[in-house]
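Structural characterization, general
Read off the chains here:
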Amino acid sequence: MTESALQAQAENDVAAPAAAEQPQPLFNILPLDPKLLRAVADSGYTGMTPIQAKAIPIVLAGRDVMGAAQTGTGKTAAFTLPLLQKMLRHENASMSPARHPVRALVLAPTRELADQVANNVKTYAKHTQLRSTVVFGGIDMKPQTLVLKGGVEVLIATPGRLLDHIEAKNAILNHVEYVVLDEADRMLDIGFLPDLQRILSYLPKERQTLLFSATFSPEIRRLANSYLQDPVLVEVARPNATATNVEQRFYATTDDDKRRVILHLIKTRGLTQSLVFVNSKLGCARLARSFERDGLRTQALHGDKSQDERLKALAAFKAGEVDLLVATDVAARGLDIADLPAVFNFDVPYNAEDYVHRIGRTGRAGASGLAVTLVTRDDTRLVADIEKLIKKKIEVEAIELDDERMRRPPRRRPDDEASEVPAEPGNDTASRQAAERVIERAADRSSDRAPDRAPGRTYERSPERARRSSPPADPFFDRPYEPTCTEAAASWEKAAVVPIAGAAPVARGPLSHNIRPKKKVASLLGGS
């Protein structure tokens, strides 16, 4: 290593503790309205996070921003507060919908994230006259339509439901001045890109666009540059970095032992609540039922559930009424769950970026957290992708489990059940006798299966053992087959006798003229 490199490293080592000891800047140093500062103080925030301190002044200056920061660092407030500040010039108390057009549009990839952003916007704007609402799928459109018709300044939406309201003429976006793509990497993914392009076509060309996410791949960066005008890149950490206050563990296991590993860690570490991520909706529902049978209060959260069920499950988990929340990646983006101690990756995510978002559900707002990933032999490539993304060597550890498997009790015969006397609680004699009978029956079965035999001798089965092993006899089924010898003619070949008045009965041939008589094979071949 060169002398200059050593000097630079020494400077960084000295500057790191100084940066850690530097106090957070306060919100009151920003040019924000007292109404917004009072709302921030009511929320319990005094100092700004690094992404807020860097992004808010740039947004207030009117520049397009691409903000990248670790999960749980306050990215929502980094774009909400400056946008509300800039829209205060349009604040009015008029009841006319025309005085409240949509001026800020926030797009989120999932319903849960959209609902969370809407709650934050209402919290920061509660002392102002600015209106806001959220629209997403899974629920009835009529209540959303009534609110949109009444006029709102801030609209938070998912792409699909927003397009439904645009086509129904419920949402007019001609006056939009600010557009925010929250979790922009997923919004610019190929699945959302067609809907996003349609939405942006309805917006004015002159607008301010903000992109915020925890992960930005090079492809997403190039695609985002086509939607932004001279953007400013704001990064407060290494790209795609995970939170430093989250303890990351990778354990080698098998598919059959994954659930036992989670139960073992919950017990040994004393975890009160945990979030378990899986890759499929069907696996999510099955795993939730398995944990429910283990005695844990469990809820499932996936895309096949209705929006009302998803919101109720999430609210119950946040309120502490649920011990385990088993979820797919719908819960991996932006959800803010206070004091969540642990996150388990039951399945290694297919996309490495999803790993960063999953473990970001714990260790939020400076708290510590635990992230455990269960790795099987088939997950080697996926773990290598995560290692490449976070630029950190991953050590897969072995974990020892106690032999807590539930063994199936021995099968009982009807005669055993009839002779068994149930043991009552507190009756030691009956319990001891029942245990002795079970041991004796097991010894009898083992002696029947593997008797001691001397070489060169012939043994005959005992009558009792022969009676048990031979099937019961049935005289009807044991009788050999006896074919029936009946040469009676078919009913349609019998001649019908038609009585005629004053004369003897006359045979008129077959029963029906529609049925042809059966021809003898011998006559067809020239025989008699």
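It should be emphasised that the depicted structure is a prediction, and the values quoted were computed from it without experimental measurement.

**Section: the overall build of the protein chain**
For the protein chain, the helix and strand inventory stands at 20 helices and 16 strands. In the protein chain, which comprises 528 residues, the proportion classed as buried is 41%. Contacts in the protein chain between residues at least 24 apart in sequence constitute 72% of all its contacts with a sequence separation of at least 6. Accessible area of the protein chain: about 30,700 Å², with a carbon and sulfur share of 53%.

**Brief notes about the side chain of histidine 100**
The topology assignment puts histidine 100 in the loop between α4 (75-87) and β2 (104-107). For histidine 100, the residues in contact, after removing those within four places along its chain, are Asn92, Ser94, Gln129, Arg131, Gly151, Val152 and Glu153.

**A closer look at the packing of helix α11 (residues 258-269) against helix α12 (residues 281-293)**
Packing of α11 against α12 leaves a shortest axis separation of 12 Å and a crossing angle of 50°. By the angle class used here, α11 and α12 are oblique. Where α11 crosses over α12, the handedness of that crossing is right-handed. Across the interface between the two elements, Arg259, Ile262 and Leu263 from α11 touch Leu287, Ser290 and Phe291 from α12. A per-class count over the contact of α11 with α12 returns four nonpolar, one polar and one charged.

**Let's talk about the sheet that holds strand β4 (residues 154-157)**
The parallel open sheet is built from seven strands, whose spatial order is β3-β4-β2-β5-β6-β1-β7. Of all the strands in the sheet, just β3 (132-135) and β7 (232-235) have a single pairing partner and so form its edges. Across the sheet, the mean angle separating the axes of adjacent strands is 15° when strand polarity is ignored. Sheet analysis places β2 next to strand β5 (residues 178-182), joined by four bridges and oriented parallel. Note that in β5 the partner of alanine 104 across the bridge is tyrosine 178. Sheet strands touched by helix α7 (residues 159-167): β2, β3 and β4. Its angle to β4, the strand with the most contacts, is close to 125°.

**Quick word on the nonpolar core**
Membership of the largest hydrophobic core comes to 41 residues, with the highest contact counts inside it found for Leu84, Ile156 and Leu210. At seven residues, the largest contribution of residues to this core is made by α4.

**Points about the pattern of salt bridges**
Evaluation of the coordinates by the stated rule reveals 21 salt bridges. A salt bridge links arginine 103 to glutamate 177; the nearest nitrogen and oxygen atoms lie 3.4 Å apart. Residue arginine 103 is found in the loop between α4 and β2, and its partner glutamate 177 is found in the loop between α7 and β5; the two are separated by 74 residues along the sequence. On the basis of relative accessibility, which here comes to 13%, the residue arginine 103 falls in the buried class. Between aspartate 257 and arginine 260 there is a salt bridge, with its nearest N and O atoms 3.3 Å apart. Each member of the pair, aspartate 257 as well as arginine 260, is classed as buried. Through salt bridges with shared partners, one network takes in Glu247, Arg249, Arg269 and Glu397.

**Structural notes on the pairing of β3**
Neither face of β3 is left uncovered, since the one carrying Ser132 and Val134 and the one carrying Thr133 and Val135 both have all their residues buried. Of the pairings in the sheet, the one linking β3 to β4 comprises four bridges and is parallel in character. Pairing of serine 132 across the sheet is with valine 154, part of β4. On the question of chirality, the crossover connecting β3 to the parallel β4 by way of helix α6 (residues 141-150) is right-handed.

**Here we look at helix α3 (residues 50-60)**
Regarding α3, the residues found buried are Ile51, Gln52, Ala55, Ile56 and Val59. Projected down its long axis, α3 carries its buried residues within an arc of 105°, all on one side. Of the surrounding secondary structure, the elements contacted by the buried residues of α3 are β1 (65-68), α4, β6 (208-213) and β7.

**Section: the sheet that holds strand β14 (residues 396-398)**
In spatial order, the strands read β10-β11-β9-β12-β13-β8-β14; together these seven strands make up an open sheet with parallel pairing. Single-partner strands in this sheet number two, and they are β10 (298-301) and β14. The sheet shows a mean angle of 25° between the axes of neighbouring strands, direction not considered. Summarising the sheet, strand β8 (residues 246-252) and β14 pair through three bridges and their orientation is parallel. Bridging across to β14, tyrosine 251 finds its partner in glutamate 397. Packing against the sheet, α11 makes contact with β8, β9 (274-277), β11 (324-327), β12 (342-345) and β13 (369-375), and its axis sits at approximately 155° to β13.

**Quick word on the packing of aromatic side chains**
Within the structure shown, the criterion is met by two aromatic pairs. Aromatic side chains phenylalanine 79 and phenylalanine 212 sit 5.5 Å apart centroid to centroid with 40° between the ring planes, which places their arrangement in the tilted category. With a gap of 133 residues between them, phenylalanine 79 in helix α4 and phenylalanine 212 in strand β6 connect regions that are remote in the sequence. Plain terms: the ring middles of phenylalanine 250 and tyrosine 355 are 5.8 Å apart, the flat faces sit at 35° to each other, and that makes the pair tilted. Within this pair, whereas phenylalanine 250 is found in strand β8, its partner tyrosine 355 is found in helix α14 (residues 352-359), the two being separated by 105 residues in sequence. As far as the burial class goes, phenylalanine 250 and tyrosine 355 line up, both buried. Across the ring face of phenylalanine 346, the terminal group of lysine 258 is positioned such that the distance to the ring centre comes to 5.2 Å.

**Points about unusual backbone geometry**
Even without glycine at this site, aspartate 230 takes up a positive phi of about 50°. With respect to the helices, strands and loops of the structure, aspartate 230 is situated in the loop between α10 (218-225) and β7. In the Ramachandran plot, lysine 391 falls in the positive-phi region, its phi being about 55° despite a non-glycine side chain. Structurally, lysine 391 is set in the loop between α15 (380-390) and β14.

Conventions used here
- Residues numbered from 1 in each chain as written.
- Predicted model: local features only at pLDDT ≥ 70, side-chain atom pairs only at ≥ 80, totals over all residues.
- Heavy atoms only, no water.
- Helix = DSSP H or I, 4+ residues; strand = E, 2+ residues; numbered from the N terminus.
- Buried < 20%, exposed > 50% of the residue type's maximum accessible area, 1.4 Å probe, protein only.
- Contact = heavy atoms within 4.5 Å.
- Areas by Shrake-Rupley, 256 points an atom, 1.4 Å probe, with all protein chains shown as cover.
- Axes fitted to C-alpha atoms, helices over the stretch in contact; angles between N-to-C directions.
- Parallel < 35°, antiparallel > 145°, perpendicular 65-115°, else oblique.
- Left-handed = near helix turned anticlockwise from the far one by under 90°.
- Nonpolar A, V, L, I, M, F, W, Y, C, P; charged D, E, K, R; others polar.
- Pairing = 2+ DSSP bridges.
- Core = buried A, V, L, I, M, F, W, Y, C linked by side-chain atoms within 4.5 Å.
- Salt bridge = Lys/Arg side-chain N within 4 Å of Asp/Glu carboxyl O.
- Right-handed = clockwise from strand over helix to strand, strands pointing away.
- Arc of directions from axis to C-beta.
- Phe/Tyr/Trp six-rings, centres within 6.5 Å; stacked < 30°, edge-to-face > 60°.
- Lys NZ or Arg CZ within 6 Å of the ring centre and 35° of its normal.

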